[in-house]
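Overview (structure and organization)
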Amino acid sequence: MKVKAAGINPIETKIREGFLAAKWPATFPEGEGNDFAGVVDSMGPRVGNVAAGDEVIGFTNKRASHAEYVLVPGEQLTRRPARVPWEQAGALFVSGTTAYATVRAVSPRKGETLVVSSAAGGVGSIAVQLAVNAGARVIGLASEESHSWLNAKGVIPIDFSGDVAAKIRAAAGGPIDAFIDTFGHGYVDLAIGLGVKPDRIDTIVDFDGKVVNKYGVKNDGNLSAANAGVLAELAALIAEGHLEIPIVHVYKLDQVRAAFTKLEGRHSAGKIVLEP
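Counting starts from 1 at the beginning of each chain's written sequence and moves along it residue by residue. Residues qualify for local features only when their pLDDT is at least 70, as the model is predicted, and side-chain atom pairs are given and counted only at 80 or more; totals for whole chains, interfaces and linings, by contrast, use all residues. Side-chain metrics in this entry use all non-hydrogen atoms of the structure; hydrogen atoms and water are not considered.

1. Section: the overall build of the protein chain
Keep this limit in mind: Comment: elements are numbered from the N terminus, with helices defined as DSSP H or I runs of at least four residues and strands as E runs of at least two. It is over C-alpha atoms that the radius of gyration is taken, and the globule rule equals 2.2 Å times the number of residues to the power 0.38. Burial classes follow relative accessibility: with a 1.4 Å probe on protein chains only, a residue under 20% of its type's maximum area counts as buried, one over 50% as exposed, and anything between as partly exposed. We call two residues contacting when some pair of their heavy atoms lies within 4.5 Å. Each accessible area is a Shrake-Rupley result for a 1.4 Å probe, and residues are judged covered by the shown protein chains and nothing else. Charge convention: Lys and Arg are scored as positive, Asp and Glu as negative, and His as well as the terminal groups of each chain are ignored. We put the charge of a Lys on NZ, of an Arg on CZ, of an Asp on CG and of a Glu on CD.
The helix and strand inventory of the protein chain stands at ten helices and eleven strands. Against the 2.2 N^0.38 benchmark of 19 Å for 276 residues, the protein chain shows a C-alpha radius of gyration of 18 Å, consistent with a compact globule. Here the C-alpha coordinates of the protein chain stretch approximately 55 × 40 × 35 Å along the principal axes. Counting the 276 residues in the protein chain, one finds 50% classified as buried. Partitioning the intrachain contacts of the protein chain with sequence separation of at least 6 by distance along the chain shows that 64% fall at a separation of at least 24. When the accessible surface of the protein chain is totalled, it reaches about 12,700 Å², and 52% of it is carbon and sulfur. Side chains of the protein chain carry 28 positive and 30 negative charges; the gap between the two charge centres is 2 Å.

The structure is reproduced here in structure tokens:
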């Protein structure tokens, strides 16, 4: 597979630095990256769902997409619709399937109020759009610089400074039905304090299970939706104009260190992409 674009994700930094060694050990030297989009260069004799020259979106479980070429099973690929830009396609897998899983976990229904923490981040920016598509009233916690983007997507933005609980209650004007936590740092406690039932709360940042065990909340993330079928659904939404993967910066592959420095600065909203 010749890679045209590959996204980078915060979890890759944590794995590289050893913070998740118990679950995802790293043995150096090794590659990085799960997301990619590209063109099929060649395939094995048992691959029948794609052909050489096909433009595809895919994923690898081998931490190998930050490269010029990547080898993956055919079942980890889906066709790239012509209206899906390469950058968005290449950044879709990890954040897109994670957002899909979180929204599915809390099942926001039409007219219900859902709160999303870090609503302009890589996962949050997709989750809020999927929830709005489902008819939910979405409140997004984000810095002021992201409020105009959230407003444009039909989200009620709230700054995360000061008395956040009071701000959420005022914006909701009624019960808060569900909560998606993509940031951690006490947001599940906040959701419980707001009266959200544990089975309508999903967090993707409880790697040691302490919060899940304490409250009985959900912990659905990428692994709950990591398949080509979900990728195809998300790609179709992009092609139809119902979903945008915000891209904040595109780096060349040999600028990968600068790309991760940008990501680790936690100042970017949306996705950072590498291209060969």
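Back to the text.
2. Quick look at the packing of aromatic side chains
This is how the line gets drawn: Aromatic pairs are defined between Phe, Tyr and Trp rings, using the six-membered ring for Trp, whenever the two ring centres lie within 6.5 Å; interplanar angles under 30 degrees are classed as stacked, those over 60 as edge-to-face, and all others as tilted. Lysine and arginine charges are scored as sitting over a ring when NZ or CZ, respectively, is within 6 Å of the ring centre and within 35 degrees of the ring normal.
Using the criterion set out here, one finds three aromatic pairs in the structure. Ring geometry for F59 against F93: centres 4.2 Å apart, planes inclined by 5°, an arrangement best described as stacked. Note that F59 is positioned in strand β3 (residues 55-59) and F93 in helix α3 (residues 93-106), a separation of 34 residues in sequence. Both residues of the pair, F59 and F93, belong to the buried class. Taken together, the aromatic side chains of F179, F183 and Y187 make up a single cluster linked through ring pairs. In this structure, R80 is placed above the aromatic ring of W86, and the distance from its NZ or CZ to the ring centre is 3.9 Å.

3. With respect to the nonpolar core
This is how the line gets drawn: The nonpolar core is taken to be a set of buried Ala, Val, Leu, Ile, Met, Phe, Trp, Tyr and Cys residues, with the residues joined through side-chain atoms within 4.5 Å.
Counting residues in hydrophobic clusters, the biggest one holds 44 residues, and the most contacted among them are L92 and L130. Contributing elements (two or more residues each) for this core: β3, α2 (86-90), α3, β5 (113-116), α4 (124-133), β8 (178-181) and α9 (228-239). With seven residues, α3 is the largest single contributor of residues to this core. Each residue touching L92, except ones within four places of it in the same chain, is listed here: D35, I57, T97, L231, L234, A235, I238 and I245.

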